[in-house]
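Coordinate analysis (summary)
Spelled out, the chains give:
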Amino acid sequence: MPESQTPATELTSQYVAQVTGDLERNTKEQERIGVEIEALQEQLRALQHDHTVLVNMQQALGSASPATKADPATAPSVPHQASAEPKQSKPKKASATSVKKTASKKAVTKAPSVKASTAAAKPTLVELIRGHLEQESEPRSAAEITAALTQAHPDRSVKTTVVRTTLEGLVAKSHAHRAKQGSSVFYTAAAASEPAAAEPQQEAVAG
């Protein structure tokens, strides 16, 4: 009996070790994906905010010339009405599409007002990080930025991993600069370092 029990105990110990290893990998993967999702959500909010601004600008530019838009719609209606019956179906289609366009424009005008108010009330994490970097003259690490934002905005849950991912996204878009000092990584605003880089070129041209 002892001989038959020893292989069984070895098998169970192997299964336990495999299951615990799989569990650790699973939890780590969940944490990694969770961080990516949070970072993507922040980027999505930033894009939605940019979208509302662009839509408002488009509407402001479009409302400046209403007469030019009205002329093409009224001009083709006269020859179509005088033409044969098969061609009379075209103005109906045009009117239907114009109704759809006006309805879609109304829907678009309503949506930005709601999004713009929420975006104005609560800035995105990307905007907060960029604003913090622009205010600071010295490079800051992701942990320091997280601590500062948590102090300034206690109602928001700011995580260092999300801040680091957002900072890397800003570096990729050239909105921030990244510098490594030993094992630590520090970030600075792109606007603060650009004039300093431009000064030597101006001196060289002047010389």
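Notes on the structure in this doc start here. (Residues numbered from 1 in each chain as written. Predicted model: local features only at pLDDT ≥ 70, side-chain atom pairs only at ≥ 80, totals over all residues. Heavy atoms only, no water.)

Looking at helix α7 (residues 160-172)
What sets the pattern is the α-helix's 3.6 residues per turn: residues three or four places apart point alike. With 13 residues, α7 should cover 18 Å at 1.5 Å per step; its first-to-last C-alpha distance of 18 Å lies within 8% of that length. When we look at burial in α7, the residues that qualify are Val162, Val163, Thr166, Leu167, Gly169 and Leu170. Here the buried residues of α7 occupy an arc of 155° about the axis, which is enough to place them on one side. Directly beyond the C-terminal end of α7, a positive phi value near 65° is found at Ser174. (Helix = DSSP H or I, 4+ residues; strand = E, 2+ residues; numbered from the N terminus. Expected span 1.5 Å × (residues − 1). Buried < 20%, exposed > 50% of the residue type's maximum accessible area, 1.4 Å probe, protein only. Arc of directions from axis to C-beta.)

Digging into a nonpolar patch on the surface
On the surface, a nonpolar cluster with roughly 290 Å² of combined accessible area is contributed by Val53, Leu54 and Met57. Within the secondary structure, Met57 sits in helix α1 (residues 2-62). (Patch = residues over 30% accessible without salt bridge, like charges linked within 9 Å, V, L, I, M, F, W, Y side chains within 5 Å. Areas by Shrake-Rupley, 256 points an atom, 1.4 Å probe, with all protein chains shown as cover. Salt bridge = Lys/Arg side-chain N within 4 Å of Asp/Glu carboxyl O.)

Some remarks on helix α5 (residues 125-135)
Among all positions of α5, only Leu125, Val126, Leu128, Ile129, His132 and Leu133 are buried. Considered in projection along α5, the buried side chains sweep an arc of 165° and stay on one side of the axis.

Description of the side chain of Thr124
Tracing the chain through its elements places Thr124 in the loop between α4 (89-121) and α5. We classify Thr124 as buried; its relative accessible area is 7%.

Observations concerning the environment of Glu144
Along the chain, Glu144 turns up in helix α6 (residues 142-152). Linking Glu144 and Phe186, residues 42 residues apart in sequence, is a C-alpha distance of 9.5 Å. Look past the residues within four positions of Glu144 in its chain and what remains in contact with it is Pro139 and Phe186. Separated by 3.1 Å, the side chain of Glu144 and the backbone nitrogen of Ser141 make a polar contact. (Contact = heavy atoms within 4.5 Å. Polar contact = N/O pair within 3.5 Å; in protein donor to acceptor, adjacent residues only side chain to side chain.)

Quick look at the side chain of Arg156
Take Arg156: it is sitting in the loop between α6 and α7. Ignoring any residue separated from it by four or fewer positions in sequence, one finds Arg156 in contact with Glu42, Lys122, Pro123, Thr124, Leu125 and Leu128.

Thoughts on unusual backbone geometry
Glycine aside, residues mostly have negative phi angles, and peptide bonds mostly take the trans form. Its identity as a non-glycine residue notwithstanding, Ser174 has a phi of 65°, on the positive side. Tracing the backbone shows Ser174 in the loop between α7 and β2 (176-181).

Side note on the sheet that holds β2
Either a parallel or an antiparallel arrangement is found when strands of a sheet pair, and the pairing is made through backbone hydrogen bonds. Strand order in the open sheet formed by 3 strands is β1-β3-β2, and the pairing between neighbours is antiparallel. The open sheet has two edge strands with one neighbour each: β1 (140-141) and β2. In this structure, β2 lies alongside strand β3 (residues 184-189), joined through 6 bridges in antiparallel fashion. Bridge assignment links Arg178 to a residue of β3, and that residue is Tyr187. Against the sheet, α5 engages β1, β2 and β3, with an angle of about 85° to β3. Sheet strands touched by α7: β2 and β3. Its angle to β2, the strand with the most contacts, is close to 115°. (Pairing = 2+ DSSP bridges. Axes fitted to C-alpha atoms, helices over the stretch in contact; angles between N-to-C directions.)

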